[in-house]
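# Examining the three-dimensional arrangement
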Amino acid sequence: MNQTENNDEITLDMLDEALESNLIDEVFGFSEGTVSTNNNDDDIDLQIPPEVFGNGFDETIPIRDPKWEDTDWIEEDVTWLDKLPDPPDSLKYPYSYFKMIIDDAIIKNLSEQTNLYSAQNNGFSLNTTPQEMEQFLGIYLFMSIVKMPSYRMFWSNRTRFNPVFETMSRNRFDNLRTNFHISDNDLMLPRDNPLHDKLFKIRPFISSVQNNFKKIQADEFCAIDEIIIPFKGRSQMKQYNQNKPHKWGIKVFAIASISGFIHDFEIYVGKGTLPATGSGLGISGDIVIRLLETVPKFKNYKVATDNWFNSYNLQCHLKFSGMLGIGTVRTNRLSGCTFKNEKDMKKSGRGTYDTKVDTTNKIVATKWYDNKFVHVVSNYKGIQPLDEVERWSTAKKKELLYLDQHQLKSTTGLWVVLTCTTCSLSCIELIFAFEDIIYV
């Protein structure tokens, strides 16, 4: 049975109209006939323009079997088709940028929920205001910079810290700290409910911060990776990874651009982090698709991922949904792509590479020998141009020149953006400072 007859969203008339209007040629550079309507299993090619699939990612995109060949990769024009907004007329103060993320609506919700919890728990309201709540948060930020064994020492006669002491009394700070809340506890579903949200107590804050991050336009080059927010409080979400600089913390998946800003994130809560999808990409691929929702499609935005996220199927999904992707990849995710024997490549020395091109779905994969073998797959960037890089030779005890590929440089360069996200992350870290609140 023809696949198009089973799809209410993609009809033969829509495909014919797309062919007649040359939309496919404009977007992908392919000639007519790329979209076929035979009764084969391959009856719909993936080269379908955004007007058919819409602006998001379509879970029903059929990926045809790859055909890996030892041929040259033909570079296409991937010039960025978007632009960043004009810079502000005058420099803003750090407080102004902070308020872009932690806006007045967030502060107002904090004061209202704190008053509500106080009334529910104590029978009277603390009558705190948004202005006082800002002072309360500011004191916590001071305490994260000026370290003391006990927070009460900021008000002690011998260790008094005037910026805190003169802003709020210790008793008032204690009352706010004890009653501080973000959500109405009466609305929380029990743990055995399938719809129970582990992040319920901080969900309004997370959602607001996410929406504010999305308002910051992404740059041309983006990267998606996991981040560990250091945290040793009480939480079922707390992760331990002995290979990380901060071994205990909350795992967050984030997308950041070369500007250094995070544009979206998802906090890992275990099972149920994301709703189940039919994409066939697994949780790692679904996270990439979810985080790219905020990035415009078919504008030649480039995104890099590491081998936990990346796969051949993901690159196909990105390509046919209007995103350019690149990243390292595990060999069992290359959909049958085979390279030269590792033993033979080692004989040729460091800098040796082998590249294969999937001529069906236009994907390029490369195997490169450095200290170890590195595998890279992309839907837009091949190995050219080649360049020379210095690598330390243990045998000869000196730096030697080896061939390096532009494909690998592009991957490494895009990952660098995630090292510049301290400013954005501080807004997420703020909420985890209240350890007694997020016991979920």
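Scope of this entry: the structure provided in the associated data block.

How each quantity is defined
- Residues numbered from 1 in each chain as written.
- Predicted model: local features only at pLDDT ≥ 70, side-chain atom pairs only at ≥ 80, totals over all residues.
- Heavy atoms only, no water.
- Buried < 20%, exposed > 50% of the residue type's maximum accessible area, 1.4 Å probe, protein only.
- Helix = DSSP H or I, 4+ residues; strand = E, 2+ residues; numbered from the N terminus.
- Pairing = 2+ DSSP bridges.
- Salt bridge = Lys/Arg side-chain N within 4 Å of Asp/Glu carboxyl O.
- Core = buried A, V, L, I, M, F, W, Y, C linked by side-chain atoms within 4.5 Å.
- Right-handed = clockwise from strand over helix to strand, strands pointing away.
- Contact = heavy atoms within 4.5 Å.
- Phe/Tyr/Trp six-rings, centres within 6.5 Å; stacked < 30°, edge-to-face > 60°.
- Lys NZ or Arg CZ within 6 Å of the ring centre and 35° of its normal.
- Axes fitted to C-alpha atoms, helices over the stretch in contact; angles between N-to-C directions.
- Parallel < 35°, antiparallel > 145°, perpendicular 65-115°, else oblique.
- Nonpolar A, V, L, I, M, F, W, Y, C, P; charged D, E, K, R; others polar.
- Lys, Arg positive; Asp, Glu negative; His and termini not counted.
- Polar contact = N/O pair within 3.5 Å; in protein donor to acceptor, adjacent residues only side chain to side chain.

## Things to note about the pairing of strand S5 (residues 262-267)
- By the criterion of burial, S5 is predominantly enclosed, with 6 of the 6 residues buried.
- The hairpin formed by strand S4 (residues 248-257) and S5 contains 4 residues between the paired strands, and Gly260 there has a positive phi angle of roughly 100°.

## So, the pattern of salt bridges
- Taken as a whole, this structure holds 15 salt bridges when the rule is applied.
- Where Lys302 meets Glu220, a salt bridge forms, and the shortest distance between an N and an O atom there is 2.5 Å. You can see Lys302 sitting in strand S6 (residues 302-305) and its partner Glu220 sitting in the loop between helix H9 (203-214) and strand S2 (221-230), a full 82 residues away along the chain.
- Take Lys302: its relative accessible area is 3%, and that puts it in the buried class.
- It is possible to trace a salt-bridge network through shared partners that takes in Lys214, Asp264, Glu266, Arg290 and Glu293.

## Notes on the nonpolar core
- Of all hydrophobic cores here, the largest spans 40 residues; its most connected members are Leu110, Phe136, Phe173, Val209, Phe265 and Ile267.
- Elements with a minimum of two residues in this core: helix H5 (104-122), helix H6 (130-145), helix H8 (170-179), H9, S2, S4 and S5.
- Ranked by residues supplied to this core, first place goes to H6 with 6 residues.
- Counting residues in each nonpolar core, the second largest holds 20 residues, with Phe253, Val288, Leu292 and Leu318 among its members.

## A closer look at unusual backbone geometry
- In this structure, Asn127 takes a positive phi of about 55° despite not being glycine.
- Mapped onto the elements of the fold, Asn127 is located in the loop between H5 and H6.
- Although it is not a glycine, Lys362 adopts a positive phi angle of roughly 60°.
- Along the chain, Lys362 falls in the loop between strand S8 (353-358) and strand S9 (363-369).
- With relative accessibility at 27%, the residue Lys362 sits in the partly exposed group.

## Here's the deal with the pairing of S6
- Of the two faces of S6, the one lined by Lys302 and Ala304 and the one lined by Val303 and Thr305 are each fully buried.
- By the bridge criterion, 3 bridges tie S2 to S6 in an arrangement that is parallel. Opposite Phe221, over in S6, you have Lys302 as the bridge partner.
- With 4 bridges connecting them, S6 and strand S7 (residues 324-328) associate as parallel partners. Residue Lys302 lies in a different strand from S7, and its bridge partner there is Leu324.
- After leaving S6, the chain enters helix H11 (residues 312-319) and then returns to the sheet as S7, a path that is right-handed.

## Structural notes on the side chain of Gln315
- Positionally, Gln315 belongs in helix H11.
- Setting aside residues up to four positions removed in sequence, Gln315 forms contacts with Asn310, Gly325, Ile326, Ile363, Val377, Ser378 and Asn379.

## A few points about the packing of aromatic side chains
- Counted under the stated rule, the structure contains 17 aromatic pairs.
- By the ring-pair criterion, three or more aromatic residues cluster together here, those being Phe136, Tyr140, Tyr151, Trp155, Phe173 and Phe180.
- When the ring centre of Phe165 is taken as reference, the NZ or CZ atom of Arg160 above it lies at 3.9 Å.
- In this structure, Arg177 is placed above the aromatic ring of Tyr151, and the distance from its NZ or CZ to the ring centre is 4.9 Å.

## Focus: the packing of H6 against H8
- Contact geometry of H6 with H8 gives a least axis separation of 11 Å together with a crossing angle of 95°. On the basis of their axis angle, the class for H6 and H8 is roughly perpendicular. Contacts between H6 and H8 involve Glu132, Phe136, Ile139, Tyr140 and Met143 from the former and Arg172, Phe173, Leu176 and Arg177 from the latter.
- Split into classes, the residues belonging to the contact of H6 with H8 amount to 6 nonpolar, no polar and 3 charged.

## Quick word on the side chain of Asp103
- Looking at the secondary structure, you find Asp103 in the loop between helix H4 (94-101) and H5.
- One buried charge, Asp103, has no salt-bridge partner; the nearest side chain with opposite charge is Lys215, at 4.9 Å.
- A polar contact is formed between the side chain of Asp103 and the backbone nitrogen of Ala105, at a distance of 3.3 Å.
- Within the local environment of Asp103, its side chain forms a polar contact with the side chain of Asn212, the two groups lying 3.0 Å apart.

Don't take any of this as a statement about function, it's just geometry.
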